[in-house]
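Tertiary structure, described
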Amino acid sequence: MYDSKKVRMNRLFHNGRCLDVAIDHGVCNEPSFLDGLENMAGIVDVLAEAGPDAIQMNYGQADLLQGRPGKDKPALVMRIDMGNPYNALRHREMWAVLQNAHDPVVPALKLDAACVVVNLFMLPDEPALFRQCVENIARVRQDCERYGMPLMIEPLVMQPNSGRGGYLVDGDAQKIVTLVRLAREMGADIIKADPTTDPAEFGRVVEAARCPVLVRGGGKADLRQVFANSHALMQQGAHGMVYGRNIYQHASPSRVVRALMAMIHDGANDEAAWRIYEERG
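Now for a quick tour of the structure. This is a predicted model, so every value here is computed, not measured.

**So, the sheet that holds strand E1 (residues 18-22)**
- One closed barrel holds the eight strands; their spatial order is E1-E2-E3-E6-E7-E8-E9-E10, and the pairing between them is parallel. Here the average twist between neighbouring strands, direction ignored, is 25 degrees.
- Of the strand pairs in this sheet, E1 and strand E2 (residues 54-57) are connected by three bridges, and their pairing is parallel. Within E2, the residue paired with Asp20 across the bridge is Ala54.
- Contacts from helix H6 (residues 173-185) reach strand E6 (115-122), strand E7 (151-157) and strand E8 (190-193) within the one sheet, and its direction differs from that of E7 by about 155 degrees.
- Sheet contacts for helix H10 (residues 253-266): E1 and strand E10 (240-243); angle to E1, the most-contacted strand, approximately 150 degrees.

**Things to note about unusual backbone geometry**
- If you check the backbone angles, Asn29 has positive phi at about 55 degrees while not being a glycine.
- Note on placement: Asn29 falls in the loop between E1 and helix H2 (40-50).
- Its identity is not glycine, yet Arg210 carries a phi of approximately 50 degrees, on the positive side.
- You can see Arg210 is positioned in the loop between helix H7 (202-209) and strand E9 (213-216).
- For Arg210, a relative accessible area of 62% puts it in the exposed group.

**Structural notes on the environment of Ile80**
- Structurally, Ile80 is set in the loop between strand E3 (75-79) and strand E4 (81-83).
- Separated by 76 residues in sequence, Ile80 and Leu156 have C-alpha atoms that sit 16 Å apart.
- Those residues within four positions of Ile80 in sequence are excluded, and the remaining contacts are Leu98, Gln99, Pro104, Val105, Val116, Val117, Val118 and Val140.

**Re the pattern of salt bridges**
- Counted under the stated rule, the structure contains 20 salt bridges.
- Between Arg68 and Glu49 there is a salt bridge, with its nearest N and O atoms 3.0 Å apart. Taken as a pair, Arg68 in the loop between helix H3 (63-66) and E3 and Glu49 in helix H2 lie far apart in primary sequence, 19 residues in all.
- The salt bridge involving Arg146 is made with Asp143; its shortest N-O contact spans 2.4 Å. Of this pair, Arg146 and Asp143 both sit in helix H5 (residues 127-147), three residues apart, roughly one helical turn.
- Assessed through its relative accessible area of 53%, Arg146 is described here as exposed.
- Shared partners join several salt bridges into a network, and the residues in it are Asp24, Arg79, Asp81, Glu154, Lys192, Asp194 and Arg216.

Conventions and cut-offs
- Residues numbered from 1 in each chain as written.
- Predicted model: local features only at pLDDT ≥ 70, side-chain atom pairs only at ≥ 80, totals over all residues.
- Heavy atoms only, no water.
- Pairing = 2+ DSSP bridges.
- Helix = DSSP H or I, 4+ residues; strand = E, 2+ residues; numbered from the N terminus.
- Axes fitted to C-alpha atoms, helices over the stretch in contact; angles between N-to-C directions.
- Contact = heavy atoms within 4.5 Å.
- Buried < 20%, exposed > 50% of the residue type's maximum accessible area, 1.4 Å probe, protein only.
- Salt bridge = Lys/Arg side-chain N within 4 Å of Asp/Glu carboxyl O.

Here's what the structure looks like:
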């Protein structure tokens, strides 16, 4: 009898690499994240045709991907938690909860997901939020083992909420490595990690994870710099990317996907990826 977790991992990773396009931002309740996601059916069509390895969605929208006819479509990665740390203003109470507290993994099984993803927030002076995340992961881990579902954990080390608005990524390598190690200790099958401020230190993150590590994209940035950073991180051992706004908020998401897929699967460097992006058609 085949290990169902291995079967799902094989659907997600091709030659050990993966591009997962995240469009699960609707549960963040942050208006700026929704630019480019107003027409979910339309963006799913665009992305599915572009052909990344996976598309990351929530249960309420995942039918747009899984309802597509035919077998040649990206794998579904389903987010199964939600929280409020992404808003521009700090809330009086910070929280992170599972979307389906009774059976958190069952909706992903019903929609034939290849993986589920949950957050592990580390925000300054928010120990209760951290504890909620640990409890969520402990709960989900049991179901993932029961059903053979790979678990992607997203360890997020944040800076203090500042005048710039919202909690921003803390790229301190030691902090990221420590939280990634915790995620692995809790049983992560896949890690979705923020890049280190110095890309040359990202190899430490990969070493701590001892499982596939996908780089988290964060906010939209200059595309040439995104490609340069991505190449540097791949050189440090990253197994791919989970990019959202750096794909769906660009004028041509399909060209960005094509360029990143060449980098992840064919070894293209950032200059070659840029040339691929500039190609029309």
